Amino acid sequence: MAPKHYRPAGKKKEGNAARYMTRSQALKHLQVNLNLFRRLCIVKGIFPREPKKKVKGNHHTYYHVKDIAFLHHEPLLEKFREIKTYQKKVLKAKAKKNEELARLLLTRQPTYKLDRLILERYPTFIDALRDLDDCLTMVHLFAVLPASDREKLEVKRVHNCRKLSHEWQAYILRTHALRKVFVSVKGIYYQAEVEGQKITWLTPHAIQQVFTNDVDFSVLLTFLEFYETLLAFINFKLYRSLNVKYPPILDSRLEALAADLYALSRYIDASARGMVVEPKVDASSSSQSNDREESELRLAQLQHQLPSSEPGALMHLVADNNKEVEEDEETRVCKSLFKDLKFFLSREVPRESLLFVLPAFGGMVSWEGEGAPFKEDDDSITHHIIDKPSAGHLYLSREYVQPQWIYDCVNARIILPTEKYMVGRVPPPHLSPFVDNEAEGYVPDYAEQIKRLQAAARNKVLPLPGVGKEDLEDPQNLLYAGVMSRAEEAEAAENKKKMAAKEKQYHEELKLELKKGKGIVVDGEAEAEGEEEESAPNADNNQIAEDNAAMAKVTMPRKKRKLYDAMKMGQEKRNEGINRIKERKNKLKNAAQE
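What you are looking at is a predicted structure, and each value in this text was computed from that prediction instead of being measured.

This paragraph deals with the side chain of E74. Relative to the helices and strands, E74 resides in the loop between α4 (65–72) and α5 (75–95). Take E74: its relative accessible area is 4%, and that puts it in the buried class. Within the structure, E74 has its side chain in polar contact with the side chain of K44 (distance 2.5 Å). Residues within four places of E74 in sequence aside, it is in contact with L40, K44, R116 and L117.

Okay, here's the thing in structure tokens:
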């Protein structure tokens, strides 16, 4: 007798067995090794799936059959096979010690491009912007890593990542699209708004980076290869929207001084003003010589129009923004935050970050060293950003503040007082703009102070600490606060009395109507009955709500019930953390008072 679920030989599979296959089956089907399979999956955007029923067991990785068929028809797969075959020829020539043939074969090695995959994965520009967070973080990370032969990270790739990251920052700086900045232990978080999409990325601190052994850099380099192509396409599109030719030609002197962002800003400013004239190219000459001559001519024109002594095309970005782009209210606020302020950066502060943030919010900035727009002894400097006490000359015409003041002003959208950020003092806590304090249940004291400063900047009245919003309705309080004059206070008090009298009359009439309907009752008994009636429904409602919650939890599936319990546990832990912070704050207050 045949088994119950016997399937004759040759019959097609059904269900999950037909829809999914394991990674080993996929490798066998595609006839590739594991490294090439991972590479294909990364560039094509194919990820493992979680079937409801794992036919081969829980210890396998599953892929959808249609995804594997998608890879099977990928032209890039044949290109990778061709490159692998060609590399065998090179190894064979080297094994035979035919160095000349090996060198010749290396110059003719087949190459491939990922341009088609960008359009395939991102049909519209908005789709590409939505997937840009990881791309920017990866490119900014490899822009500060040292080149390594062991990890197969070439100097050319590091320079390309640095170039792409600076091109992106120059566009954000030019359009004043930066919205939030937060300095953490991991690095510096930025958030910008481009084409209505909020893009957040992380940049490492400017310190020596060290390779670790617990990271597979071959996988990261495959991601980086795709992200470099994606970011180059996005930068091209964004620069064309500003009517600026891409890729930009930088001032070689500034580039050698590691002032790439400043050089890019000068180039964008010159291109937007129409200073760079496109040279006419002779069709009979070779393409290589034409490109070189064009680059030299454009660079010469740029250096002639923007000499090194000019106090900054970077600063002209504030005044000469792209007039064709319609700005929203937030962009106008960001553009004018540091307007008419000049900053000078000391040697020890994070220069690249501040060179990016300050001009993006309308400030004029310079630094120590060659290629700077203006010198340290400039009398028009209003703020000197410094991180340690200076032994040199101090200027009375400027304020010396720590770098945190810049980031806190950016997040608060107002110019904060500088007393707490003076050099040598412990600055106030650096609050994250990505955290909603009211939703978390705890609002730090410094956040309350910033909120009041923002309200004062908008000429909006907020209640004092310990006073509720309802107290603002009392005209006497507003008179004491100096918001209203005495005549206005008297008129407002009279209106309030009239409204109170009308409200009292309405309630009395309502009580009389109720007495007529139910009969005459003694006032004390009526109040007691009313209190009992109010308390009884409240208790009943609470009991009903608890019973409904318990019943809903019982009828939940086991998976959802565990998820619900985990959510409740997370809420309890968060409340415990908030109570712990409040207790700690009260202890510190009591210790300070004693």
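A separate point is the environment of L337. Note on placement: L337 falls in the loop between α16 (329–335) and β6 (342–345). Between the alpha carbons of L337 and I415 there is a distance of 7.4 Å; along the sequence they are 78 residues apart. For L337, the contacting residues outside a window of four places in its chain are F361, C409, V410, R413, I414 and I415.

Here the focus is the sheet that holds strand β8 (residues 383–385). Taking strand neighbours across the sheet as the criterion, the four strands line up as β7-β6-β8-β9 in an open arrangement whose pairing is parallel. Two strands in the sheet have a free side with no partner beyond their single neighbour: β7 (364–367) and β9 (399–401). Averaged over all adjacent pairs, the angle separating strand axes in this sheet is 25 degrees, with direction ignored. One ladder, built from four bridges, connects β6 with β7; its direction is parallel. Each residue of the ladder has a partner; that of F343, found in β7, is V365.

Throughout the structure, instances matching the rule amount to 19 salt bridges. The shortest N-O distance in the salt bridge between R413 and E330 comes to 3.4 Å. Remark: E330 occurs in helix α16 and R413 occurs in the loop between α18 (404–412) and α19 (437–440); sequence separation between them is 83 residues. Using a relative accessible area of 36% as the deciding quantity, one classes E330 as partly exposed. Each member of the salt-bridge network shares a partner with another, and the members are K44, E74, R116 and E120.

Right, let's talk about the pairing of β6 for a bit. The alternating pattern of β6 places K342 and F344 and F343 and L345 on opposite faces, both of which are buried. Judged from the three bridges that link them, β6 and β8 form a sheet pairing that is parallel. Looking across to β8, one finds that F343 is bridged to H383.

Thresholds applied
- Per-chain numbering applies: the sequence of each chain, read as written, is numbered from 1 onward.
- Totals for whole chains, interfaces and linings use all residues, but because this is a predicted model, local features are given only for residues with pLDDT of at least 70 and pairs of side-chain atoms are given and counted only at 80 or more.
- Side-chain measures were taken over the full set of non-hydrogen atoms in the model, leaving aside hydrogen atoms and water.
- Numbered from the N terminus, helices here are DSSP runs of H or I no shorter than four residues, and strands are runs of E no shorter than two.
- Think of it in three bands: residues with accessible area under 20% of the maximum for their type are buried, residues over 50% are exposed, and the middle band is partly exposed, with areas taken using a 1.4 Å probe on protein chains only.
- Any N or O atom pair separated by 3.5 Å or less is treated as a polar contact, with the protein-specific requirement of one donor-capable and one acceptor-capable atom, and with residues adjacent in sequence counted only for side-chain atom pairs.
- Residue contacts are defined here by distance: any two heavy atoms, one from each residue, within 4.5 Å place the two residues in contact.
- If DSSP finds at least two bridges between two strands, the strands pair.
- Where helices are involved, their axes are fitted lines through C-alpha atoms of the stretch in contact, as for all axes, and angles between N-to-C directions lie from 0 to 180°.
- By definition, a salt bridge exists where a carboxyl oxygen of Asp or Glu is found within 4 Å of a side-chain nitrogen of Lys or Arg.

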